[in-house]
Amino acid sequence: HYNMVDGVCYMALFDKSYPKNLAFAFLEDVKRLFQEELKREFGTGSVDYRSHIETIEKPYYFIKFDRQITKAKAEYRDPKSSKALQRLNENLTEASP
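Read on for a plain summary of the structure. (Residues numbered from 1 in each chain as written. Predicted model: local features only at pLDDT ≥ 70, side-chain atom pairs only at ≥ 80, totals over all residues. Heavy atoms only, no water.)

**As for the packing of aromatic side chains**
Note the following rule: Ring pairs are drawn from Phe, Tyr and Trp, using the six-membered ring of Trp, whenever the two centres fall within 6.5 Å, and their geometry is named by plane angle: stacked under 30 degrees, edge-to-face over 60, tilted for the rest. Secondary structure follows DSSP: runs of H or I at least 4 residues long count as helices, runs of E at least 2 residues long count as strands, and numbering of each begins at the N terminus. Throughout, exposure labels follow a simple rule: accessible area from a 1.4 Å probe, protein chains only, divided by the maximum for the residue type, with under 20% read as buried, over 50% as exposed, and the rest as partly exposed.
All told, the structure shown has 7 aromatic pairs when counted by the stated rule. Taken together, a centroid distance of 5.4 Å and an interplanar angle of 65° make the contact between phenylalanine 34 and phenylalanine 65 edge-to-face. Of this pair, phenylalanine 34 sits in helix 1 (residues 20-42) while phenylalanine 65 sits in the loop between helix 2 (49-54) and helix 3 (66-76); the two residues are 31 residues apart in sequence, bridging distant segments of the chain. There is no split in this pair, since phenylalanine 34 and phenylalanine 65 are both buried. Put simply, the rings of Tyr10, Phe34, Tyr61, Phe62 and Phe65 pair up and form one aromatic cluster.

The structure is reproduced here in structure tokens:
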């Protein structure tokens, strides 16, 4: 599963039996967390984050972001957990008109 937003590809591999809507809810959370990280790193004004990302030369520049991804993975590990279902409901609510 993947989601491409503003030149950044958010990608994750899931077991075939994992619910597709939860997989995309996970990717949406990772995207939101990464955008928050960009704001902390580069500021919040009228910043073009994509141009900052494109000029990063060091590999693993966002390695500290791994802690947030690990936390999100733990929340989504069990698709029947209350936390995962809560996230799914939040994403469904946001998508509904």
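**Some details on unusual backbone geometry**
One non-glycine residue, aspartate 6, adopts positive backbone phi at about 50°. Here aspartate 6 is to be found in the loop between strand 1 (2-5) and strand 2 (8-11). Given the relative accessible area of 57%, aspartate 6 is considered exposed. Of note in this structure, tyrosine 60 is not a glycine but carries a positive phi near 65°. Mapping tyrosine 60 onto the fold places it in the loop between helix 2 and helix 3. Overall, the relative accessible area of 68% leaves tyrosine 60 in the exposed class.

**Details of the pattern of salt bridges**
Pairs can form between side chains of opposite charge once their charged atoms are near each other. Our working definition: Take a side-chain nitrogen of Lys or Arg and a carboxyl oxygen of Asp or Glu: if they are within 4 Å of each other, that pair is a salt bridge.
Evaluated as defined, the whole model comprises 6 salt bridges. Between glutamate 37 and arginine 40 there is a salt bridge, and its shortest N-O distance comes to 3.0 Å. With a gap of 3 residues between them, glutamate 37 and arginine 40 both fall in helix 1, about one helical turn apart. The exposure class of glutamate 37 is buried, given its relative accessible area of 5%. The exposure class assigned to arginine 40 is exposed, which follows from its relative accessible area of 53%. Of the charged contacts in the structure, one is a salt bridge between glutamate 54 and arginine 50, with a shortest N-O distance of 3.2 Å. On the criterion of helical spacing, the pair formed by glutamate 54 and arginine 50 is a turn pair, its members being 4 residues apart in helix 2. Via salt bridges that share partners, Asp29, Arg32 and Glu36 belong to a single interconnected network.

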